[in-house]
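# Architecture at a glance
Listed here are the chains, written in short residue letters.
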Amino acid sequence: MDGMAAGRLLLNSLVVFAPQRAFDERSDIFYYRVIQSVSKGLASHDVRLRYCALEENDSDAQLFLARMNEPETQAAILLGIDDPHIHDLAVDVGKPCMLINCRDRHMRLPAVAPDHRAIGERAADYLFEMGHREVMNVLCLRRYTMELRLAGIRDAWQSHNLKFNDKRDLLVAPSFTAFLVGGDFMAAGTISALQKQGLRVPQDISVMSIDGFNLAAIQDVPLTAVHVPRDELGTEAVHMLQQRLMRPDAPVGTLLLNGTLAVRGSVRRIRQGKRRTAVEREGLYDS
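Notes on the structure in this doc start here. This is a predicted model, so every value here is computed, not measured.

Here strand β4 (residues 97-100) shows two buried faces, one formed by C97 and L99 and the other by M98 and I100. Here strand β3 (residues 75-79) runs beside β4; their pairing, made up of four bridges, is parallel. Across the sheet, the residue bridging to I77 is M98, located in β4. Between the parallel elements β3 and β4, the chain passes through helix α4 (residues 84-93) in a crossover that is right-handed. Note: β4 against strand β5 (residues 111-114), two bridges, orientation parallel. If you follow I100 over to β5, its bridge partner there is V112.

This is the structure in structure tokens:
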């Protein structure tokens, strides 16, 4: 079966459409690595891979159609393109098209994406398992994917019979024992701000990220995180595209990839009933 899956792809040319920042490792390492994984997935196939920068929203429809209608374009991958008009055009052009980390709301195009909701729930659930109850969530809600992560975090609160309060748990909190942060660079800023206030991580307060690839250690603090699947996205998209070519009339669906918990040193277990406030110098976990 592995040999069949690695057999010749039934096309010779593939175009990847992605935001401009995806082609610069310093601007968006996540999308950059996804593109690298697409290339890796095509390594065993004789396929020419081309790229085209496209805005996430309000995309250049003429540019998209021009690239899609080129004779050498036999299939396409849309990475992080949320513009529904582009999705409509992709359907109308009729060439095989895969979505990565975005969705066609009319459910006509196959897609592969991280299971953002489950990833958010797993991250919050780990903090609860470690004994934390007052957790500050730091998220950038720029895309619906971050909204899904927040929904998963809320699911974790509910599963532990806790009520999620936006003003307390998402925006401001008078006292909490952990930060759940939506990315490694945000976690770096969080840890830096805490240390400037004289707080130690994790002795005084725990910090956990939903990312885990960019900064494994922040200021000598090994960062506990739920890894969002990244390097697997492009490879799985290529395999799904291959299946699409073999069975063009098969049902269309979305493959959601699970995250992976990486336990390091930025989260400490606490014992309920013996907690102190986060500002005490002796630390939350000192006996």
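Two aromatic rings, taken as a pair, are described by how far apart their centres are and by the angle between their planes. Evaluated as defined, the whole model comprises five aromatic pairs. When the ring of F17 is compared with that of F64, the centres are 4.8 Å apart and the planes differ by 55°; the resulting orientation is tilted. Note that F17 is positioned in strand β1 (residues 13-18) and F64 in helix α3 (residues 61-68), a separation of 47 residues in sequence. Exposure remark for F17: the relative accessible area of 0% places this residue in the buried category. Its relative accessible area of 0% is what places F64 among the buried residues. Between F23 and Y51, the aromatic rings sit 5.8 Å apart at their centres with planes inclined by 70°, giving edge-to-face as the arrangement. In this pair, F23 is assigned in the loop between β1 and α2 (29-41) and Y51 in strand β2 (residues 48-53), connecting sequence segments 28 residues apart. Accessibility expressed as a relative area gives 26% for F23, which makes it partly exposed. One aromatic cluster is present, formed by F128, W157 and F164 through successive ring pairs.

Strands sit in the order β6-β7-β8-β11-β13 across an open sheet of five strands; the sheet is mixed. Each of the sheet's edge strands pairs with one partner strand only, and the pair in question is β6 (135-138) and β13 (260-262). Averaged over all adjacent pairs, the angle separating strand axes in this sheet is 15°, with direction ignored. Note that strand β7 (residues 178-181) and strand β8 (residues 206-211) share four bridges and pair parallel. Residue pairing in the sheet places A178 in a bridge with S206 of β8. Docked against the sheet, helix α8 (residues 184-196) engages β6, β7 and β8, running at close to 165° with respect to β8.

As a further point, take the packing of α3 against α4. Their axes nearest at 10 Å, the elements α3 and α4 cross at an angle of 25°. As far as their axial angle goes, α4 and α3 are roughly parallel. In this structure, α3 crosses over α4, and the sense of that crossing is right-handed. Residues A61, F64, L65 and M68 of α3 form the contact with α4, whose participating residues are H85, I86, L89, A90 and V93. Residues that form the contact of α3 with α4 fall into these classes: eight nonpolar, one polar and no charged.

Of note, the bond from V201 into P202 is cis; its omega dihedral lies within 30 degrees of zero at 5°. The topology assignment puts P202 in the loop between α8 and β8. Unlike most non-glycine residues, N101 shows phi in positive territory, near 55°. Within the element layout of this structure, N101 appears in the loop between β4 and β5. Judged by its relative accessible area of 4%, N101 is buried. The phi torsion at M107 lies on the positive side, around 60°, for a residue other than glycine. Locating M107 in the fold gives a position in the loop between β4 and β5.

Strand-to-strand pairing in sheets goes through backbone hydrogen bonds, with the strands running parallel or antiparallel. One open sheet accounts for six strands, arranged β2-β1-β3-β4-β5-β12; its pairing is parallel. Both edges of this open sheet fall to β2 and β12 (254-257), since each of them pairs with a single strand only. Neighbouring strand axes in the sheet, compared pairwise and without regard to direction, differ in orientation by 20° on average. Where β1 and β2 come together, six bridges link them in parallel fashion. The partner of S13 across the bridge, within β2, is R48. With respect to the sheet, helix α9 (residues 231-246) is in contact with β1, β3, β4, β5 and β12, its orientation differing from that of β5 by roughly 160°.

Procedures and definitions
Residues numbered from 1 in each chain as written. Predicted model: local features only at pLDDT ≥ 70, side-chain atom pairs only at ≥ 80, totals over all residues. Heavy atoms only, no water. Buried < 20%, exposed > 50% of the residue type's maximum accessible area, 1.4 Å probe, protein only. Helix = DSSP H or I, 4+ residues; strand = E, 2+ residues; numbered from the N terminus. Pairing = 2+ DSSP bridges. Right-handed = clockwise from strand over helix to strand, strands pointing away. Phe/Tyr/Trp six-rings, centres within 6.5 Å; stacked < 30°, edge-to-face > 60°. Axes fitted to C-alpha atoms, helices over the stretch in contact; angles between N-to-C directions. Contact = heavy atoms within 4.5 Å. Parallel < 35°, antiparallel > 145°, perpendicular 65-115°, else oblique. Left-handed = near helix turned anticlockwise from the far one by under 90°. Nonpolar A, V, L, I, M, F, W, Y, C, P; charged D, E, K, R; others polar.

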